[in-house]
Amino acid sequence: MSSYLQLSGISKTYGQFTALEAVDLDIKKGEFVTFLGPSGSGKTTTLMIIAGFETATSGSVDVAGKSLFGLAPHERNIGIVFQNYGLFPHKTAAQNVYFPLQMRGWDKAKGLKRAEEMLDLVGLKGFGHRHPKELSGGQQQRVALARALVFEPSLLLLDEPLGALDKNLREQMQIEIKRIQRALGVTTIFVTHDQTEAMSMSDRIVVFEQGRVQQVATPLELYHKPETKFVAGFIGESNLVDATITDAAAGEAGNAALGTVEYAQTDKAANGAAVTLMIRPEHIKLSRNPIDGRKNVRMKVETIVNYGDNALVIGKVGDQAMRVRVLGADVVIIREGEECCISWTRDSVYVIAA
Ligand code: ATP
């Protein structure tokens, strides 16, 4: 993989506190990469180091093989959009978008024409004469996006740009941002703590936790093959079951409540190893009676949360809490307080080192 943006050994400390620890990352040209993680995990700090607003305590940032060391933010040719749009209130939308070109010494007539073209691209044709206060939140964010893209940046950095928008507008803007990013082919880093947003938009996701990168992978790899318990719990919903490998060659692990649980990745762990077994709720089947060819256990149903098209059934197998996701129509077979069978196949069990 030829890398376009390369972070090597980036660390950042504030006094005794380590905000980032040895972050390595390779991003390809044209990729849409999302930094995902809980609040305080280091996403924004990493972005600010790339942008040049923060200095790393150690490590390097290279774009297209050239170090950004010592370059001020405006010398890096990077477009940035923040959650609070940061538009100039006394400039019109077109003047806001023209501003970076003005700073680069563009001719005014040519620059304003280019600004209007960018506004057109972000879906704001005919809005150039309006001031920010005459635009909705979503429209202001489009102006900010146009301003970040107008000078053909080498990188586009988006720091929770949709955080202030309501749900419908957020979804609309997610689609818009992807469309524009694809049309321009600009290498993009998007920061969010919203995992569905990360899953739906990204080529790859970088999962941060406590200043470290936990995993870098495509959305589907993260979902199906999380490398750590943290990633398994953070991406989607999962049953995480503590277990001990009892027969590595046969692919068998033991848990006090579930008994022997078979898994498919027999190369994953040695006999006696403590592991976490991940079973996604949608891979578990609910039935009145045991189903042949599957691992069956009896579960006492405690809560059923109905979402219309599907339902979440929460219950206990002994002391082990289990969650099952069923299609809406299937849930009528069972009521809260009753016992049922839950079952799964060995392919649905994913082993994570504890
Ligand atoms: P959020 O989703 O809340 O924006 P984040 O993942 O972007 O979180 P960062 O803003 O990168 O997190 O912060 C990482 C850690 O560094 C946090 O614990 C934060 O408190 C700490 N931190 C950030 N800036 C400073 C500073 N100037 N001085 C001390 N600590 C700081």
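Just so it is clear, the structure is predicted and the values come from calculations on it, not from any experiment.

Enquirer: Would you mind going over the layout of surface pockets with me for this structure?
Expert: A water-sized probe rolled over the atoms picks out the places where empty space is left. Approximately 570 Å³ is the volume found for the largest pocket. Taken together, 21 residues line the largest pocket, and the ones lying closest to its centre are I78, F99, P100, R147 and F151. Of all the elements, strand β6 (residues 78-81) adds the most residues to the lining of the largest pocket, at four residues. Across the lining of the largest pocket, the residue classes break down as 15 nonpolar, four polar and two charged.

Enquirer: Looking at this structure, I do not really get the domain arrangement of the chain. What am I missing?
Expert: Accessible area lost on assembly of the parts is the figure often given for the size of an interface. Examined at the domain level, the chain breaks down into domain 1 (3-230) and domain 2 (237-353). Computed from C-alpha atoms alone, the centre-to-centre distance between domain 1 and domain 2 is 39 Å. Between domain 1 and domain 2, the residue contacts involve eight residues of the former and eight residues of the latter. Considering only the side of domain 1, the residues that lose the most area to domain 2 are Y223, P226 and K229, jointly responsible for 72% of the buried surface there. Summed over the shared surface of domain 1 and domain 2, the number is one salt bridge. For K229, the salt bridge goes to D242, with nearest N and O atoms at 3.4 Å. Linking domain 1 with domain 2 are three residue pairs in polar contact (both at pLDDT 80 or more). For the side of domain 1 that touches domain 2, the leading source of residues is helix α7 (residues 219-224), giving three residues.

Enquirer: Honestly, the site of the ligand in this entry has me stumped. Any pointers?
Expert: Taken together, Y14, F17, A19, P38, S39, G40, S41, G42, K43, T44, T45 and E160 make up all the residues around the ligand. S41 has a polar backbone atom sitting 3.0 Å from an oxygen atom of the ligand. Between an oxygen atom of the ligand and a side-chain N or O atom of T44, the distance comes to 2.7 Å. For the ligand, whose accessible area on its own is 640 Å², the fraction buried by protein is 61%. Those elements that provide at least two residues to the shell around the ligand are β2 (17-27) and α1 (43-51). In terms of residue class, the shell around the ligand is built from four nonpolar, six polar and two charged.

Enquirer: Mind showing me how you'd approach the pattern of salt bridges here?
Expert: Two side chains of opposite charge can pair, provided their charged atoms sit close to one another. Counted according to the given criterion, the structure contains 17 salt bridges. With its nearest N and O atoms 3.6 Å apart, the salt bridge here joins R170 to D194. A residue pair is termed long-range when its members are at least 10 positions apart, and R170 in helix α5 (residues 167-184) and D194 in the loop between β8 (188-192) and α6 (195-201) qualify at 24 residues. For R170, a relative accessible area of 17% puts it in the buried group. Taking the relative accessible area as the measure of exposure, D194 reaches 23% and is therefore partly exposed. Each member of the salt-bridge network shares a partner with another, and the members are K113, R114, E117 and E152.

Enquirer: What exactly am I supposed to notice about the pairing of β2 here?
Expert: In summary, the side chains of a regular strand alternate between the two faces of the sheet. With seven bridges connecting them, strand β1 (residues 5-14) and β2 associate as antiparallel partners. Looking across to β2, one finds that Y14 is bridged to F17. Hairpin connection of β1 to β2: two residues between the antiparallel strands, including G15 at a positive phi of 60°.

Enquirer: For this particular structure, what's the right way to read the packing of aromatic side chains?
Expert: The geometry of an aromatic ring pair is captured by two quantities: the separation of the ring centres and the angle between the planes. Considering all chains together, one arrives at four aromatic pairs under this definition. An angle of 65° between the planes, with centres 4.8 Å apart, marks the rings of F88 and F99 as edge-to-face. Placement of the pair is F88 in the loop between β6 and α2 (93-103) and F99 in helix α2, with a sequence separation of eleven residues. Owing to a relative accessible area of 31%, F88 belongs among the partly exposed residues under this scheme. The exposure class assigned to F99 is partly exposed, which follows from its relative accessible area of 22%.

Enquirer: Explain the packing of helix α4 (residues 137-149) against α5 here, please?
Expert: Angle between the axes and distance between the axes are the two parameters that describe a pair of packed helices. Look at α4 against α5: their axes get within 11 Å of each other, and the N-to-C directions meet at 20°. When the interaxial angle is binned, α4 and α5 end up roughly parallel. Our pair here, α4 against α5, has a crossing hand that is right-handed. Contacts between α4 and α5 involve G138, Q141, R142, L145 and L149 from the former and L169, Q172, M173, E176, I177, I180 and L184 from the latter. Its residues assigned to classes, the contact of α4 with α5 comprises seven nonpolar, three polar and two charged.

Analysis parameters
Residues numbered from 1 in each chain as written. Predicted model: local features only at pLDDT ≥ 70, side-chain atom pairs only at ≥ 80, totals over all residues. Heavy atoms only, no water. 1 Å grid on protein atoms, 1.4 Å probe; cavity = no way out; pocket = protein on both sides within 12 Å on 5 of 7 lines; lining within 4 Å. Points joined across faces, edges and corners; volume = space filled by probe spheres on them. Helix = DSSP H or I, 4+ residues; strand = E, 2+ residues; numbered from the N terminus. Nonpolar A, V, L, I, M, F, W, Y, C, P; charged D, E, K, R; others polar. Domains from an automatic or database assignment. Contact = heavy atoms within 4.5 Å. Buried area = accessible area lost by both parts, 1.4 Å probe. Salt bridge = Lys/Arg side-chain N within 4 Å of Asp/Glu carboxyl O. Polar contact = N/O pair within 3.5 Å; in protein donor to acceptor, adjacent residues only side chain to side chain. Near = heavy atom within 4 Å. Areas by Shrake-Rupley, 256 points an atom, 1.4 Å probe, with all protein chains shown as cover. Buried < 20%, exposed > 50% of the residue type's maximum accessible area, 1.4 Å probe, protein only. Pairing = 2+ DSSP bridges. Phe/Tyr/Trp six-rings, centres within 6.5 Å; stacked < 30°, edge-to-face > 60°. Axes fitted to C-alpha atoms, helices over the stretch in contact; angles between N-to-C directions. Parallel < 35°, antiparallel > 145°, perpendicular 65-115°, else oblique. Left-handed = near helix turned anticlockwise from the far one by under 90°.

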